[in-house]
Amino acid sequence: MTVNLEVSEGVGTIRLDRPPMNALDIASQDKLRELAEEAARRADVRAVVLYGGEKLFAAGADIKEMQAMDHAAMVVRGRALQDCFTAVAKIPKPVVAAVTGYALGGGCELALCADFRIAGDNAKLGQPEILLGLIPGAGGTQRLARLVGPSKAKDLIFTGRQVKADEALAMGLVDQVVPAAEVYERAVAWAARLAQGPAIALRAAKESIDAGLETDIDTGLAVERNWFAGLFATEDRERGMRSFVEEGPGKAKFL
């Protein structure tokens, strides 16, 4: 199987497993979508880690497969390609990408779908599609610009250059750099901590932030306001406030 989902103590790891480079062919893309939707549904998955293994995250799309496709074929496939990645971005739970080695092209675009990115000190990220006479097609032109700003996104996309972990951290492409051997452990620790939190409130926070980035501030405030009021109907809100009053801040248990 090219993509797997393993669940342990509330953390679901979506693992790319297509040696040697985790090239994202159509079968891998479709499996990624299937498992992202499964992770979104499953109550025992409360946070998600995206991982490609100890050596690399994903070196991009399967170029040989793409080379055989013409315009008509990609018109049909292009939307499905984006939908696979969007399924990851829309997982209504905290998602962290654990990036080792190469995260290029579709691999970089997959990392962009996470809420947080932890990179190894051996990581190299980039959008090299321009070197093939193409542009990113799985969300890279949109998510990268929203994350690092249009100028930095244009630099990476126009040139196709790769950035090492330290530069990626400086530009905001990744959020933390750790020794390569510790990447997965750190990512799981991040996810596990949030897996103990109030699931509906975390969903509300994620959806409010993401929706607000796509619209004007008044609409974003309306989304926030509706979620905020709605959370007063949840057991987690009751438990959290009761614990605060009786025990002080930060002691509520939500599981």
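As a convention, each chain's residues are numbered from 1 in the sequence order in which they are written. Local features in this predicted model are restricted to residues of pLDDT 70 or higher, and side-chain atom pairs are both shown and tallied only at a pLDDT of 80 or more, whereas totals for entire chains, interfaces and linings draw on every residue. Heavy atoms from the whole structure form the basis of all side-chain values; hydrogens and water molecules are not counted.

A. Layout of the overall build of the protein chain. Helix and strand definitions here come from DSSP, where helices need a minimum of 4 consecutive H or I residues and strands a minimum of 2 consecutive E residues; each element is numbered from the N-terminal end. For the protein chain, the helix and strand inventory stands at eleven helices and nine strands. Radius of gyration here uses only the C-alpha atoms, and the compact-globule reference equals 2.2 Å multiplied by the residue count raised to the power 0.38. Relative to the 2.2 N^0.38 estimate, which gives 18 Å for 255 residues, the radius of gyration of the protein chain is 19 Å and therefore close to what a compact globule would have. The C-alpha extent of the protein chain, read off along each of the three principal axes, is 65 × 40 × 35 Å. Each residue is placed in one exposure class: buried if its accessible area under a 1.4 Å probe, protein chains only, is under 20% of its type's maximum, exposed if it is over 50%, and partly exposed if it falls in between. Counting over 255 residues, the protein chain shows a buried share of 43%. By definition, residues are in contact when any of their heavy atoms lie within 4.5 Å. Long-range pairs, those at least 24 residues apart, make up 70% of the contacts in the protein chain between residues at least 6 apart in sequence. What sets the accessible areas is the Shrake-Rupley method with a 1.4 Å probe; for residues, cover comes only from the shown protein chains. Within the structure as shown, the protein chain displays about 13300 Å² of accessible surface, and the carbon and sulfur contribution to it stands at 57%.

B. Layout of the environment of A252. Mapped onto the elements, A252 comes out in the segment after helix 11 (235–247). Given the relative accessible area of 26%, A252 is considered partly exposed. In this structure, the C-alpha to C-alpha distance between A252 and G197, residues 55 residues apart in sequence, is 8.9 Å. Here A252 is in contact with R239, G240 and S243, once residues within four sequence places are set aside.

C. The sheet that holds strand 9 (residues 176–178), seen in detail. The sheet built from six strands is open, its strands ordered 1-2-3-4-6-9 with mixed pairing. Each edge of the open sheet is held by one strand with a lone partner, namely strand 1 (3–8) and strand 9. Between one strand axis and the next, the sheet turns through 20° on average, direction left out of account. Two strands qualify as a pair provided that DSSP identifies no fewer than 2 bridges between them. The sheet contact formed by strand 3 (residues 47–51) and strand 4 (residues 95–99) spans four bridges and is parallel. When the bridges of strand 4 are listed, V48 appears paired with V95. The convention used is that axes are lines fitted to C-alpha atoms, helices contributing only their stretch in contact, and that angles between N-to-C directions extend from 0 to 180 degrees. The strands that helix 8 (residues 183–195) touches are strand 2 (11–16), strand 3, strand 4, strand 6 (116–120) and strand 9; relative to strand 4, the one it contacts most, it runs at about 175°.

D. Geometry of the side chain of R77. Among the secondary structure elements, R77 is positioned in helix 3 (residues 71–89). In the analysis that follows, any N or O atom pair within 3.5 Å is treated as a polar contact, provided that within protein one partner can donate a hydrogen and the other can accept it, and provided that, for residues neighboring in sequence, both atoms belong to side chains. In this structure the side chain of R77 is engaged in a polar contact, spanning 2.9 Å, whose partner is the side chain of D30. Not counting residues within four places of it along the chain, the set of residues in contact with R77 comprises I26, Q29, D30, M69 and C84.

E. Quick peek at the packing of helix 1 (residues 26–41) against helix 3. Running from N to C, helix 1 and helix 3 cross one another at 40°; their axes reach a closest spacing of 8 Å. What the angle tells us is that helix 1 and helix 3 run oblique. Both helix 1 and helix 3 take part in a crossing whose hand is left-handed. Residues I26, Q29, D30, L32, R33, A36 and E37 of helix 1 touch helix 3, and the partners they reach there are R77, L81, D83, C84, A87 and V88. For this classification, Asp, Glu, Lys and Arg are treated as charged, while Ala, Val, Leu, Ile, Met, Phe, Trp, Tyr, Cys and Pro are nonpolar and the rest, including Gly, are polar. Broken down by class, the residue content of the contact of helix 1 with helix 3 amounts to seven nonpolar, one polar and five charged. Relative orientations are named as follows: roughly parallel for angles under 35 degrees, roughly antiparallel for angles over 145 degrees, roughly perpendicular for angles from 65 to 115 degrees, and oblique for any other angle. Left-handed describes a crossing whose near helix is turned anticlockwise from the far helix by less than a right angle; the clockwise case is right-handed.

F. Structural view of the packing of aromatic side chains. We call Phe, Tyr and Trp rings a pair once their centres come within 6.5 Å, taking the six-membered ring for Trp, and we label the pair stacked below 30 degrees between planes, edge-to-face above 60, and tilted otherwise. Taken as a whole and judged by the stated rule, the model has three aromatic pairs. Measuring from centroid to centroid gives 5.5 Å for F228 and F232, while their planes differ by 75°, and the two rings are edge-to-face.

G. The arrangement of the pairing of strand 4 in detail. Strand 4 sits mainly inside the fold: five of its five residues count as buried. Of the two faces of strand 4, the one holding V95, A97 and V99 and the one holding V96 and A98 are both buried throughout.

H. Structural detail: the pattern of salt bridges. Put simply, a salt bridge is a Lys or Arg side-chain nitrogen that is within 4 Å of an Asp or Glu carboxyl oxygen. One pass over the structure, following the stated rule, counts 17 salt bridges. The salt bridge involving K31 is made with E34; its shortest N-O contact spans 3.0 Å. Of this pair, K31 and E34 both sit in helix 1, three residues apart, which is roughly one turn of that helix. Between E207 and R203 there is a salt bridge; the shortest N-O distance is 3.1 Å. In this pair, E207 and R203 both sit in helix 9 (residues 199–213), four residues apart, roughly one turn of the helix.

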